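This is what each chain is made of:
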Amino acid sequence: MKKKITFLSLYAVLFALCVFAEAQQPKKIPRIGFLVATSPSVTAARIEGFRQGLRELGYTEGQNIGIEYRYADGSRNRLNDFAAELVRIKVDVIVVAGGDTWIRSAKNATKTIPIIMVGQGADPVEAGFVESLARPGGNVTGLTNLNRELGGKRLELLKDAVTKVSRIAVIYDPANTISVLQVKENLPSCGSWIGIDCSVMGGASCGGF
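Only a predicted model underlies this, so the values are computations on that prediction, with no experimental measurement involved. (Residues numbered from 1 in each chain as written. Predicted model: local features only at pLDDT ≥ 70, side-chain atom pairs only at ≥ 80, totals over all residues. Heavy atoms only, no water.)

(A) Focus on the overall build of the protein. Looking only at helices and strands, the protein features six helices and eight strands. Reading the protein from its N end, one meets helices and strands in the order α-β-α-β-α-β-α-β-β-α-β-α-β-β. Within the protein, buried positions represent 40% of all 209 residues. For the protein, long-range pairs separated by at least 24 residues make up 59% of all intrachain contacts whose partners lie at least 6 apart in sequence. On the protein, roughly 11,500 Å² of surface is accessible, and the fraction owed to carbon and sulfur atoms is 55%. (Helix = DSSP H or I, 4+ residues; strand = E, 2+ residues; numbered from the N terminus. Buried < 20%, exposed > 50% of the residue type's maximum accessible area, 1.4 Å probe, protein only. Contact = heavy atoms within 4.5 Å. Areas by Shrake-Rupley, 256 points an atom, 1.4 Å probe, with all protein chains shown as cover.)

(B) Region of the structure containing the sheet that holds strand S3 (residues 93-97). Within the open sheet, the five strands sit side by side as S2-S1-S3-S4-S5. Their pairing is parallel. A strand with exactly one partner marks an edge of an open sheet, and here the two such strands are strand S2 (66-71) and strand S5 (140-143). Mean inter-strand twist for the sheet, computed between neighbouring axes without regard to direction, equals 20 degrees. Taken together, the six bridges between strand S1 (residues 31-36) and S2 define a ladder with parallel strand orientation. (Pairing = 2+ DSSP bridges. Axes fitted to C-alpha atoms, helices over the stretch in contact; angles between N-to-C directions.)

(C) Representation of the packing of aromatic side chains in the model. Enumeration according to the criterion identifies three aromatic pairs in this entry. Relative to Phe50, the ring of Phe34 lies with its centre 5.1 Å away and its plane at 85 degrees, an arrangement referred to as edge-to-face. Here Phe50 lies in helix H2 (residues 44-56) and Phe34 lies in strand S1, a separation of 16 residues in the sequence. Residues Phe34 and Phe50 agree in their burial class; the two are buried. (Phe/Tyr/Trp six-rings, centres within 6.5 Å; stacked < 30°, edge-to-face > 60°.)

(D) Structural view of H2. The end-to-end C-alpha distance of H2 is 18 Å, a good match for the 18 Å that 13 residues give at a rise of 1.5 Å each. Every buried residue of H2 is accounted for by Ile47, Phe50, Gly53 and Leu54. All buried residues of H2 lie within an arc of 120 degrees about the axis, which places them on one face of the element. Phi for Gly58, located one or two positions after H2, is positive at around 95 degrees. (Expected span 1.5 Å × (residues − 1). Arc of directions from axis to C-beta.)

(E) A look at helix H3 (residues 79-88). Turning to H3, its buried residues are Leu79, Phe82, Ala83 and Leu86. All buried residues of H3 project into a common sector of 100 degrees when viewed along the axis, lining one side. Along H3, the residues that are exposed and aim more than 90 degrees away from the buried face are Asn80, Asp81 and Arg88. Along its buried surface, H3 packs onto S1, S2, S3 and helix H4 (100-109). Once H3 ends, the next one or two residues include Lys90, with phi positive near 60 degrees.

Rendered as C-alpha cells:
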C-alpha cells in the first residue's frame, strides 16, 4: 500500500513538472520542494522510496532533477518560513509530507506553484484545499487519508477487546482539523455506550460528552 501511495504521488509530481516544463523556455532542470513535517531520520525510508521511484522513471537527483528539502522537525513555527522560502527560490512543485497545517502553509504561500499532498491530512474538500475530489481546481492535488470515519470502528474494536471499559479520555490538538472533527462529531455519535472526556493538548480540559 505504501509503495502504491509513493508511486501515485510520484506520478502527480511528474505530471505537474511536465506541465510546468512545457511552459518554460529555455528548458532547465526542474526542482521539487519537499516540505517535511518531521526530521530526516524519521522520514529517511520514505524519502529514499521517493528517490528510488524517481530513478525508476528516469529521474536522478542531482542530474536531471533537483530536490530542495525543508524539515520542520515537528515545529509549526518553521512552517511558514520554509514554505515561503521554497516559493522564493522558485521550485517548480512543492511536495507536502505533513497534515492539514503543513498543506495550508504551502497553499497560503503560493497560488501558482503546484502543491502535492502525499497521503496525510483530513478531507481536502472540507479543509478548503480543493473544490472537489473529482475536480480539485486551484494548485493543490495529490493524496489524502480520509479516515476520520474510522473513529467509531476503533471504539467498537476497543469495546470488543476490553469489555469492561466504561470511560475513555481523548487528547487532541485543536489546530488539527481532523482531530477536531473526530472529537466533536464522529466519536460522540459512535460512542453512546461509553463516557468520553476530551482534553486539548497541553492539559486544558474541554469537557466531555
